[in-house]
Structure formats: C-alpha cells, structure tokens
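Chain by chain, the residues run as shown.
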Amino acid sequence: MSGNNERSIWVMQGNEACSVGAVAAGINFFAGYPITPSSEVAEFMARHLPLIGGRFIQMEDEIASMAAIIGASLAGARSMTATSGPGFSLMQENLGLACLAEIPCVIVNVQRAGPSTGLPTQPAQGDVMQTRWGTHGDHAIIALAPATVLECIELTACCVSLSEQFRTPVVLLLDEVIGHMRESVAIPAPGSYKVRSRPLPSDDEEDYRPFCGGQSDVPPMAHFGGPHRFHVTGLTHDERGFPTMVPEEVDKKIRGIVDKIELKADDLAMNDETMTDDCEVLLFAYGSSARVAKASVGILRERGVKAGLLRVKTIWPFSGKRLKELAPQLRSIIVPEMNLGQLVTEVERAVAGVVPVRHLGRVDGHLFEPDQITDFVLEEMAS
Amino acid sequence: MSQAIERARTYLKPLKKLPTVWCGGCGLGVVLSSLTRVMAEMGLDKNKTATISGIGCTGRLPTYIDTNTLHTTHGRALGFATGVKLANPELTVITAMGDGDSVAIGGNHFIHACRRNIDITAIIVNNCIYGMTGGQYSPTTPHGKRGTTAPYGNVEYEFDIVSLAAGAGATFVARTTVYHVRELDKLLERAIRHRGFSVVEVVSNCYTSYGRLNKFSGPVDMFKWMKESAVTVKQAGEMSPEELEGKFIRGIHVEKDQPEFIDVYDKLAQDLTKGPSTVNQKLRATIEGYEQLGDKLKAGIG
C-alpha cells in the first residue's frame, strides 16, 4: 500500500481496503483462521488492533472464530472475522445463532471457487445462496458485494453500520479478484458516511427485554458487563431470552427476525446503474463480474445495441424494485455470474416472466472477459 | 434455612421457574447448588460475571444462574467465552460443559483453550454418556460399558479429561465428584480465583441414561460408586497400578503460575504503543502509513 498524503489518493489491495474500512468503522475485535484468499485481512488486524486498543486472536478453526466474534459482540465489541468458502461453511451453525440471538457481527467472505477445497486462489461467486440459506432454519441475512477497492472500504463500513442498526450478522461478499486487486482509492470526504451504533437500553430501564417481540422491531441491546444482565440462547426464546415452545411466541420470534430485514429490502438496496435510461438489454451483475459487464455495455453501445447495466451492491435482502421498474422497457435481462445460476433465480422471481431472463455462468476459476459477455448478448439478440 | 443457602439462592434467576429440566437423582443439581454457593461466598458481581455453556444437560445449567448467561451451540462454549473475555476482561467467565460437549464435538476448542491459558474456568460435568439425547456412548464412557449406541459394550477407550487438560497446558486442573460436595465447593472457588485457564472435572451420575444400562440399581447406587471409586491424589500416590484400576483420582492435579493470555497481549500492546523502537523499521513504516490513512478515513467514515 502506498499513498500521497496531500492528495488523499492511495493505492491498495481490496483485502487491505476492507481492513482499513473496518477499523475506521470501529471494529475493535477480530477472530479468524488463516485461509486463502482472505488471510491479508487477518494479517492486517493482527498488526493493527493492538495499536489502537483492540484485540486480535487467531482461533483454532473457523467455528471457534465465529463463536468468538459473537461472544465479543455480546460483551460490547464491534467484531469481525474474514474467511473463504471452506471456512464460511464451518461458520454456518454459529451464524444462525447470531441471527436468532440478534447479535451484530461482520463476516467477510472472500469467495474462491468451490465446492470443497476447490480452487483456493481463483475467483468465484458460488457462495451467494449459501450466504442466504447456509444456516438451517428460517432467518434473514444482509450481504453486500463491492466491485471496487474503494467500495471495499465503504461497504465494509456499511456492513458494520447495518449489523449494529439491525442487530444481525452481515456478510461482505468479496471475490478473489476484488480481494486481491490493487486500485487507486480516493479517501471519502470528511463526514461522507455515518456508522450507526446498536440501539442501547437506558441504564435505569426496569424490566429490560433484550429480544425481538415481533412487529419487525430492533430491540435495544445491552452488553455483558453493563447494568443489565440477561440470558442469551440459541434455543427459540421469548422477549426476555428464555426458551419457549409456545407457538405464538415462537412464530412471533421467527417472523420478527425475518421481517426486521426483509421488510426493509427496498430501503437497503444499493445499486449502481450504467446507461439504463434507454436500454433494451439489461445486464444484471455484482462484484467482479459487474466490472466486466460494464466494459461489455460500452462495446455493445458501440455496436448499436442499447445495453445497460444494473449492478447491485446489496445482494441480500434482495430487492426487485428497480428490476420491476425497468422491466417494461426491456427485451431481455442477461445475468453473468461466476456460478451456474444463483442470484439469477431472484431476478427471475422479481420480473416474474415479464421479460426473458438468461444466465451466463462461468465456473472454470476465471473472470469473464468482455467479449464473452458481449458475444452472449449478441447471440441472445439474434435468437 | 441457613444463611449460606439463602445467599446461594440469590444467585438463581428469579424469573426462571424451578424445577430444572434435569431428571430426579441427576448430579447436575449438586453442581448448580455448589456453583451458586461458591459465587455467593465469593461475592461475585452478577453483572460482571458471564456463565456460558454449550448443548446437552449441562448446557442448561447457566439458564438458572442469575449472572449474564449464554447458552451456545454444541461444543462451542469456549469459543464464545474466549470472545466475551477478550472483549471485556473484567468479566469473570465460567463455562459449564458436559463430557460430549467438551471433549467430543468441542475437543479441539478445549485443548486450545488449555494451551492459550486465557482466564476462563471450565467446569466439565462428566457423566460418561450423552444424557439429553438418550444414552449414546461418549468419549468418556469406559471401555466395555454400555450405551444405546454401544449395546454390546463400548469398543472404544475413554479419555482421561484431567490428563488431556494437563497435557494441553491448562494451568489449573482438578477433579472431584458430585458425591464429594465440600471438595467441589473448594475446587470451584480455587478454579475461579486462578488467573489462567482452569479445569474442574466433576464426575457425575446419569442414572436415567447411563445407570440403567450399566446395572446400577438407582441414583443412590451411583453415588456409592463415586464414593468408592474416587481416591485422593495422596492415596493414589501410594497405590499400585492394579489397585488404581477402575478408580479415579480426585483433588488438584495441576496448579501452576503462568502468564495469562490477555495479560501478555495487553502488555505487548502497551510496549508497542509506548516504545515504537521495538518494532522493525519496515513494519513501523507500514503501520505509520495506515495510521495516516486511518485518521483520514475516520473523518470520512465515523
């Protein structure tokens, strides 16, 4: 990493950017386990956290890493871990506990090609559905996907903010290309982004109820060591945290943790659009695939095809609002993903047959090339 | 009611109704009463204490205790406890786990917690069986004994939890049984006061799932077994290997001073921030680069 202090332009790697963004957003606890291609995040945290009054620990595996960041958050820290596919698989059970017990934390998943050990140093976007549904049982999740190094800073900070605001785990879905890519970054102007803090109960609140009582509310969160002591469990629980099997209470709890996020899907949607005003063919993409798709839009426009790009930064909760708005003007939607069809199913659900949706998948461990997407679009237009 | 019992009662959650989920005759009630008694006698600040468990019958123990309590996933209590302690070292952190929880599914976390010497107390209630799921054999079911998944007798050999903890580097390791209640009180207090990772194995009885399958006539018969099979460290020193067959050794097995994890970490952090000359130049330049960036970023993102 190098930078010019006067101009505030820095050159850095995606994983580094994610780390500096996290620290700027107040992350003061990190637990992790080494895994390619995410290890630079842990290395940064190991170097940096002891210098700023935070703490870093390398746990014995990703299961323990996830457990430790949840525990730390409960004790008042802003906590984070970073991993890749195999480690993300191991984190799923405890991630579910964080959803149910409404404990904020951030998980960075620098996606590599899978399944299993797969291709440790090659990119993929194969964890999109695992991010949504990887842990068992009904729940909601927030996941953001940056496409630039600058966004690694901004969206990591955004993950911290959203996890605190909604008291929920938030996943930053990088891929190997974004994580290891180096780009120049202009530091955001002062005051350009505000990181929220978890809602707190007042110190003298009597009858403190730490958990969601339905109606999609986000209840105030005390921390271990503060004036309110409370019970936390992975069993389905009532507003006080005690296990319950009363059908009405169980129903309220589960709908509560889903609704507090899913009902906000349109508000949480962050998009970046390129030439969508008059487009007839819409490319829908995210992460590194969206960078290539943007190049394809340029090539297609030169060839007279009215192409546009809708790049989503918010993967989950999925908002179909913008797709529905654009649908009437479109002849087709093309979804390039480095998987064999994951987020495309949400696109199909959103437009519900109004526009044909075609998927372009790539699972050979390599990034798309602009010509590949361009040619696919041209073939689709011809057919 | 004696004052000691009354004091211990104040460490039970007022909102959580008794009786407990445990079967009649279960040793876990003894552990709960001992732990609350010790907490009361030590005068632990309830708001500054976290009692953390995994899954199983022992996993339900914190639910009744009036401190901060965290009932986690199976085997992972120590991972959560490590995070809690690191984020707020002023908390007294106590974990309660069963034998399956601590040394089967949580075995890896257990040995690494021992190795790190972080200031957490691990109470391991060893009833030699998976009780909550109905009596399957565990890593501490003795060879030859029966479980519902060892219907012809256990083919495997059992873990000795004390040796495991000592070998992995725990700085306080003790064992007693739910029969030896006064010793249990004493050992729990010693373990909580110990600065570092402390392990107390409490041999307990699960008549419902283990006793009935292994020809015990009832819970009382199991208490007799604990009374007769437990020998003190001192007694064991004078016994031959043949005489020690089938016995377990109670008392303190390891007690040593070793710098505690967070103390060492914080000392290092203090040295780093106050004495930059100890860091090599290249690393120092990297850190300074980030510090400049960090200040700018904090203005943009705060």
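Just so we're clear, the structure is a prediction, and the values are computed from it rather than from any experiment.

Analysis parameters
Residues numbered from 1 in each chain as written. Chains lettered and ligands numbered in written order. Predicted model: local features only at pLDDT ≥ 70, side-chain atom pairs only at ≥ 80, totals over all residues. Heavy atoms only, no water. Domains from an automatic or database assignment. Contact = heavy atoms within 4.5 Å. Buried area = accessible area lost by both parts, 1.4 Å probe. Salt bridge = Lys/Arg side-chain N within 4 Å of Asp/Glu carboxyl O. Buried < 20%, exposed > 50% of the residue type's maximum accessible area, 1.4 Å probe, protein only. Helix = DSSP H or I, 4+ residues; strand = E, 2+ residues; numbered from the N terminus. Pairing = 2+ DSSP bridges. Right-handed = clockwise from strand over helix to strand, strands pointing away. Polar contact = N/O pair within 3.5 Å; in protein donor to acceptor, adjacent residues only side chain to side chain. 1 Å grid on protein atoms, 1.4 Å probe; cavity = no way out; pocket = protein on both sides within 12 Å on 5 of 7 lines; lining within 4 Å. Points joined across faces, edges and corners; volume = space filled by probe spheres on them. Nonpolar A, V, L, I, M, F, W, Y, C, P; charged D, E, K, R; others polar.

Asks: Sorry if this is basic, but what is going on with the domain arrangement of chain A here?
Replies: Frequently, the measure chosen for interface size is the accessible area that the parts lose on association. Residues and elements named next belong to chain A. Per the domain assignment, the segments of chain A are domain 1 (2-186) and domain 2 (270-382). Taken together, the 27 residues of domain 1 in the interface contact 24 residues of domain 2. Summing both partners gives a buried area of about 2,000 Å² for domain 1 against domain 2, and 58% of it is carried by carbon and sulfur. In terms of surface lost to domain 2, no three residues of domain 1 exceed Q125, V128 and M129, which account for 29% of the buried area on that side. Remark: the boundary between domain 1 and domain 2 carries 3 salt bridges. The salt bridge partner of K313 is E151, with a shortest N-O separation of 3.6 Å.

Asks: What is the right way to look at the pairing of strand β7 (residues 172-177) of chain B in this model?
Replies: All names here are of chain B. With 6 of its 6 residues buried, β7 lies for the most part within the structure. Burial of the side chains of β7 extends over both faces: F172, A174 and T176 are buried on one face and V173, R175 and T177 on the other. Both β7 and strand β8 (residues 198-203) contribute to a ladder of 6 bridges, which runs parallel. Each residue of the ladder has a partner; that of A174, found in β8, is V200. You can see the chain leave β7, run along helix α7 (residues 181-193) and come back into β8, and the turn it takes is right-handed. Bridging between β7 and strand β10 (residues 248-255) involves 4 bridges; their strand directions are antiparallel. Bridge pairing in β10 places A174 opposite I252.

Asks: Looking at this model, I keep getting lost on the interface of chain A and chain B. Mind explaining?
Replies: Each side of the interface is counted separately: chain A has 64 residues, and chain B has 54 residues. Of the roughly 5,100 Å² buried at the junction of chain A and chain B (both faces included), carbon and sulfur atoms supply 64%. Where chain A packs against chain B, one counts 3 salt bridges. With its nearest N and O atoms 2.7 Å apart, the salt bridge here joins E60 of chain A to R116 of chain B. Across the chain A-chain B interface, the total number found is 25 residue pairs in polar contact (both at pLDDT 80 or more). Contributions of two or more residues to the side of chain A that touches chain B are made by β2 (9-13), α1 (14-24), α2 (39-48), β4 (55-58), α3 (62-74), α4 (85-100), α6 (149-166) and β11 (231-233) of chain A. If one sorts the elements of the side of chain A that touches chain B by residue count, α3 of chain A sits on top with 8 residues.

Asks: Can you walk me through unusual backbone geometry in this structure?
Replies: Across residues other than glycine, the phi torsion is negative in most instances, and most of the peptide bonds are trans. Residue and element names in this part refer to chain A. In this model, T36 is joined to P37 through a cis peptide bond whose omega is 5 degrees. Relative to the helices and strands, P37 is located in the loop between β3 (29-32) and α2. That bond from G114 to P115 is cis: its omega, 0 degrees, falls within 30 degrees of zero. You can see P115 is positioned in the loop between β6 (105-113) and β7 (119-123).

Asks: Looking at this structure, I do not really get the layout of surface pockets. What am I missing?
Replies: In this approach the atoms are scanned with a rolling probe the size of a water molecule, which exposes any empty space left behind. All names here are of chain B. What the largest pocket holds in volume is close to 620 Å³. Surrounding the largest pocket, 25 residues form its lining, E158, R175, G246, K247 and F248 being those nearest its centre. Those elements that place two or more of their residues in the lining of the largest pocket are α6 (161-168), β8, α11 (241-244) and β10. By residue class, the composition of the lining of the largest pocket is 13 nonpolar, 5 polar and 7 charged.

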